[in-house]
Structures are given as structure tokens and as C-alpha cells.
Amino acid sequence: MQTPLSDHVRERLGTFGLMAPSIAQCAVGAALAWIVAIELLGHPSPFFAPISVLVCVGVGLGQRLRRVAELVAGVSLGVGVGDLLVSWIGSGAWQLALVVALAMSVAVLLNGGALFVAQVGSSAVLVAVLVPGEGAGGLDRMADALTGGIIGIAAVALLPASPFTIAAKHLSGVLDALSTVLEQAAEAIEKRDADLAAEALDQARTTQAAVEEFEAALQTSKEITLISPLHWHRRARLARYETAAVPVDLALRNARVLSRRTLSALGEAAPPPAALAEVMREISEAALLLQLELSAGRDPTLARQALLAVAARERPAGLGFSAHVIIAQLRSLVVDLLQATGMEHEAATAALTPLEEPQSETRPA
């Protein structure tokens, strides 16, 4: 029997496994930067070389290479400007204010982003307060920062985290959230329980964070396959995650509308039929199947087949207004997830049973 504590421990171990490559990158990169700065550059105390490695690698997960470059440049500029000024005017409260103001002003004039400006200012503070320039010039410390940045990027390239593990973990979070919303909405319909429908709606409203985390993780995975020779030959596998990114975001958006309409439908005189709950569960299972196939590195053929079977289903007659909206959202969800499996939008839409066929005892869905 699983307990909340064991679930928490397993979650933390999973997070550690995901971050372990970054820890190794920081440790190895910091040591190498220190050695290079001492042995090749001849700097006796290259404080900023290992620090710059930690700055670069530490933002690697979920950030863009442009931001890493901003951090490297920011450290270098802040160290250079701060150390040169401190060597002229000394250290103290007013000197600190002047160093920070001038360093950040230079960063703004260079049209740097907010992260770049903040890094320049913090690096200037380090120079002015912690290591006022004795025995090393501003250019030396700037060289240390650049050396650390270069080694940090090299560590990401040569000791990379698995881009597929990163992408798979975060896509699983998105598809798990989608599946949970659909399952809760289905249970609410089956039990005619508005409170359960309200819980499904509350759950749906929290799903955007999972989408944003997946988008950031996918960007990181793409960058790893771009700069790491170890993964150059496996970019096609990551392309499946890129294909799924926008459609699963749209699917979650449609699930939010669906859960809201489910709550409304349960308050109408003709509540939605249990058949709609069955369709929701089939879509939920197809989403989990998509997750499993992508994680295994396979083309999501089984998920696509399951979704095509849902697309061909017929809908019940005599539905209320909100139930009609639920039908529309279910159709949109099927199209979104079919696109996530790699189908083109036109082909996915064409797979749906047309709505305009003549009515019979059961009308097509």
C-alpha cells in the first residue's frame, strides 16, 4: 500500500535522477574551470571561473541558450566594470553604489534584457564587496568569468542530461493532467454529481502550469540535441515531442471548456447521458497511451487507432445545449490528440463522423 510519504520519497528520487546530470556538470565543470584558469591563464585565485560554470549550468534546465549567453556576458561585464572601478576608487558604501549604478547603466545601454542587467549588477557587487581587487586586474577576472562560461557550456554538451527523459517527464505531466480532468468529468456525469464536476473544473484550471513546464523542458531538450554531439543522431526521436507540443496545449484548453460545460449541463433539466462519460474515458485512455508510446520512442500508432475509433462514434439524440457544447469539445479534443500523434489537421478533422448527416434514431457524432 502506497503512503503519502513513500509517494513523496519516490517523487524526490525521480527529481534527483532528472537533475543528477546537471549536478555532475556543475561539479566537473567547476573543477576544470579552476584548473584551466590557474594552469593556462596563470591566475592565482580564479574565483569567478567556477562561479560562472555554476551560473551557466544552473540555468540550463528549462532555459534558452540566449539566456545562458546573457548570463555569461553579464558576469563578464559586471566583473570587468566593477573591478576596474574599484581599483581606481577603492571600496565602501558610496563606491558600491557607484559601481552598481555604472555597471547596470552600461548593461542597459547595451540593450540587455532584465536577466543580463541583473547579472551585471550582482557580479559588480561581488567584486566591490567580496573580492576587492588585490592581486588581480579586472581583465583577469573577466577572463575567468568567460573561461567558466565556455567550460559550463562545454559541460552541458559533453555531459548532457537525456533530452528525451526531460521531455518525456514533462509531457507525462501534461497528459496525466488531461486524463485526470476527463476522468473526473466522466465520473461527475455518471453520478449526476455537480460537486464532482466542480472539482473537475478546479483541476482543469490548474493545468496551464504543466503546459508551461513542458514547453520549457522541450526547449531545453532541443538545445541539448543541438549542442551535444552525443545526441545529434537522435533528433528525429525528439521531433515527436515537438509535434505533440501545440496540440496537447490545445487539448488541455478544450478540456477546461469541457469541464465548465459539464458543470453547467448537470444543472439542466436534461443532464448529459452516460454515453458521454464513456467517450471521455476513451479519450483519457488514448491520452495515456500516447504518453506511453512516446516515452518508449515509438510512433504512437495505438493511440492514433484508439482516437480514430472515438472519432467514428455516434452521438446520442435529445441533448441539451450544454451537452451539445460538450460534444463539440470532445470532437475538438480528438482532433487535437490526433494531431499530437502526427496526423495533419485536415486528416484528423476528416476522421470525425459528419454532423450534417440526416437524423436517424441516433445521430452521428
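Residue positions are given per chain, counting from 1 as you read along its sequence in written order. Local features in this predicted model are restricted to residues whose pLDDT is 70 or higher, and side-chain atom pairs enter the listing and the counts only when it is 80 or higher, whereas totals over whole chains, interfaces and linings include all residues. Hydrogens and water are ignored here; the side-chain numbers use all heavy atoms of the structure.

S.K.: I would appreciate a short explanation of the overall build of the protein in the present structure.
M.R.: In this text, helices come from DSSP runs of H or I with a minimum length of four residues, and strands from runs of E with a minimum of two, each type numbered from the N-terminal end. On a plain count of helices and strands, the protein comes out with 14 helices and 2 strands. Exposure is judged per residue with a 1.4 Å probe applied to protein chains only, and the accessible area is read against the type maximum: over 50% gives exposed, under 20% gives buried, and values in between give partly exposed. Across the 365 residues of the protein, 45% fall into the buried class. Contacts are assigned to residue pairs that have any heavy atoms within 4.5 Å of one another. In the protein, 77% of the contacts between residues at least 6 apart in sequence involve partners at least 24 apart. All accessible areas in this document rest on Shrake-Rupley with a 1.4 Å probe, and a residue is counted as covered only by the protein chains that are shown. Accessible surface, the protein as shown: approximately 17,200 Å² in total, 62% of it carbon and sulfur.

S.K.: Whenever I open this one, the environment of Leu 289 confuses me. Can you help?
M.R.: Among the secondary structure elements, Leu 289 is positioned in helix α11 (residues 274-295). Sequence separation of Leu 289 and Thr 301 is 12 residues, and the distance between their C-alpha atoms is 9.5 Å. Sequence-distant contacts of Leu 289, defined by excluding residues within four places in its chain, comprise Leu 302 and Ala 303.

S.K.: In this structure, what is going on with helix α13 (residues 321-340)? I would like to understand it.
M.R.: Think of an α-helix as 3.6 residues a turn; residues three or four steps apart then line up on the same face. Helix length check: α13 (20 residues) gives 29 Å between terminal C-alpha atoms against 28 Å at 1.5 Å per residue, within 8%. Judged by how many residues are buried, α13 sits mostly within the fold: 16 of 20 residues are covered. After α13 finishes, the residue Gly 342 shows a positive phi value of roughly 115°. By definition here, a helix of n residues has an expected span of 1.5 Å times n minus one.

S.K.: Got a minute to help me understand the environment of Glu 213 in this structure?
M.R.: On the secondary structure map, Glu 213 appears in helix α9 (residues 208-227). Of the residues examined, Glu 213 reaches a relative accessible area of 48% and is grouped as partly exposed. Along the primary structure Glu 213 and Gly 173 are separated by 40 residues, whereas in three dimensions their C-alpha atoms are 8.9 Å apart.

S.K.: How do you make sense of helix α10 (residues 235-265) when you look at a structure like this?
M.R.: Here α10 is 31 residues long and its end C-alpha atoms lie 45 Å apart, about the 45 Å a rise of 1.5 Å per residue gives. The largest bend along α10 reaches roughly 35° and is located at Ala 245, with the proline Pro 247 sitting one to four residues downstream. Bend angle per residue: angle between axes fitted to the 7 residues ending at that residue and the 7 residues starting there.

S.K.: Mind showing me how you'd approach the nonpolar core here?
M.R.: Most often, soluble globular proteins keep nonpolar side chains buried together rather than apart. Here, the term nonpolar core denotes a set of buried Ala, Val, Leu, Ile, Met, Phe, Trp, Tyr and Cys residues that are joined through side-chain atoms within 4.5 Å. Counting 54 residues, the largest nonpolar core has Leu 178 and Leu 330 as the members making the most contacts within it. Of all elements in the fold, only α7 (163-191), α8 (194-204), α9, α10, α11, α12 (301-311) and α13 reach the threshold of two or more residues within this core. The biggest single contributor to this core is α7, with 12 residues. Discounting chain neighbours no more than four positions away, the residues touching Leu 178 are Ala 251, Leu 252, Ala 255, Ala 287, Leu 333 and Leu 337. If you look at the next biggest cluster of nonpolar residues, it comprises 12 residues, including Val 99, Ala 103, Ala 107 and Ala 128.

S.K.: Is there a simple way to think about the packing of α7 against α9 in this case?
M.R.: Each pair of packed helices can be described by the angle between their axes along with the distance between the axes. Their axes nearest at 8 Å, the elements α7 and α9 cross at an angle of 165°. By the angle class used here, α7 and α9 are roughly antiparallel. Crossing handedness for the pair α7 and α9: left-handed. Mapping the contact onto sequence places Pro 163, Ile 166, Ala 167, His 170, Leu 171, Gly 173 and Val 174 in α7 and Ala 210, Val 211, Glu 213, Phe 214, Ala 217, Thr 220, Ser 221, Ile 224 and Thr 225 in α9. Taken together, the residues of the contact of α7 with α9 sort by class into 10 nonpolar, 5 polar and 1 charged. Think of each axis as a best-fit line through the C-alpha atoms, taken over the contacting stretch in the case of a helix, with angles from 0 to 180 degrees between the N-to-C directions. The cut-offs work like this: below 35 degrees is roughly parallel, past 145 is roughly antiparallel, 65 to 115 is roughly perpendicular, and the gaps in between are oblique. Crossings are classed by handedness, with left-handed meaning an anticlockwise turn of the near helix from the far one by less than a right angle and right-handed meaning a clockwise turn. Any residue that is not Ala, Val, Leu, Ile, Met, Phe, Trp, Tyr, Cys, Pro, Asp, Glu, Lys or Arg is counted as polar, Gly included; the first ten are nonpolar and the last four charged.

S.K.: What's the story with a nonpolar patch on the surface in this structure? I'm lost.
M.R.: Residues Val 28, Leu 32, Trp 34, Ile 35, Leu 158 and Leu 159 make up a contiguous nonpolar surface patch of about 540 Å² in total accessible area. Tracing the backbone through its elements, the reader meets Leu 32 in helix α1 (residues 4-39). In this scheme, patches are assembled from residues that exceed 30% relative accessible area and form no salt bridge. Like charges are connected within 9 Å, while nonpolar side chains (Val, Leu, Ile, Met, Phe, Trp, Tyr) are connected within 5 Å. Here a salt bridge means any side-chain nitrogen of Lys or Arg lying within 4 Å of a carboxyl oxygen belonging to Asp or Glu.

S.K.: Quick question: what am I supposed to make of the pattern of salt bridges here?
M.R.: Charged atoms that come close allow side chains of opposite charge to pair. Evaluation of the coordinates by the stated rule reveals 8 salt bridges. For the salt bridge of Arg 304 with Asp 299, the shortest nitrogen-to-oxygen distance reads 3.3 Å. Residue classification places Arg 304 among the buried positions, given a relative accessible area of 17%. For Asp 299, a relative accessible area of 35% puts it in the partly exposed group.

S.K.: So what exactly am I meant to see when it comes to unusual backbone geometry here?
M.R.: With the exception of glycine, the majority of residues adopt a negative phi angle, and the majority of peptide bonds are in the trans configuration. A positive phi angle is found at Arg 192, which is not glycine, with a value near 55°. Take Arg 192: it is sitting in the loop between α7 and α8. Note on Arg 192: relative accessible area 43%, which makes it partly exposed.

S.K.: Quick question: what am I supposed to make of the packing of α9 against α10 here?
M.R.: Interhelical geometry of α9 versus α10 gives an angle of 165° and a closest axis separation of 10 Å. As summarised for this structure, α9 and α10 are arranged roughly antiparallel, according to the angle between their axes. For the element pair α9 and α10, the recorded crossing hand is left-handed. Along the contact surface, α9 presents Gln 208, Val 211, Phe 214, Glu 215, Leu 218, Ser 221, Lys 222, Thr 225 and Leu 226, while α10 presents Arg 235, Leu 238, Tyr 241, Glu 242, Ala 245, Val 248, Asp 249, Leu 252, Arg 253 and Arg 256. Residues of the contact of α9 with α10, tallied by class, amount to 9 nonpolar, 3 polar and 7 charged.

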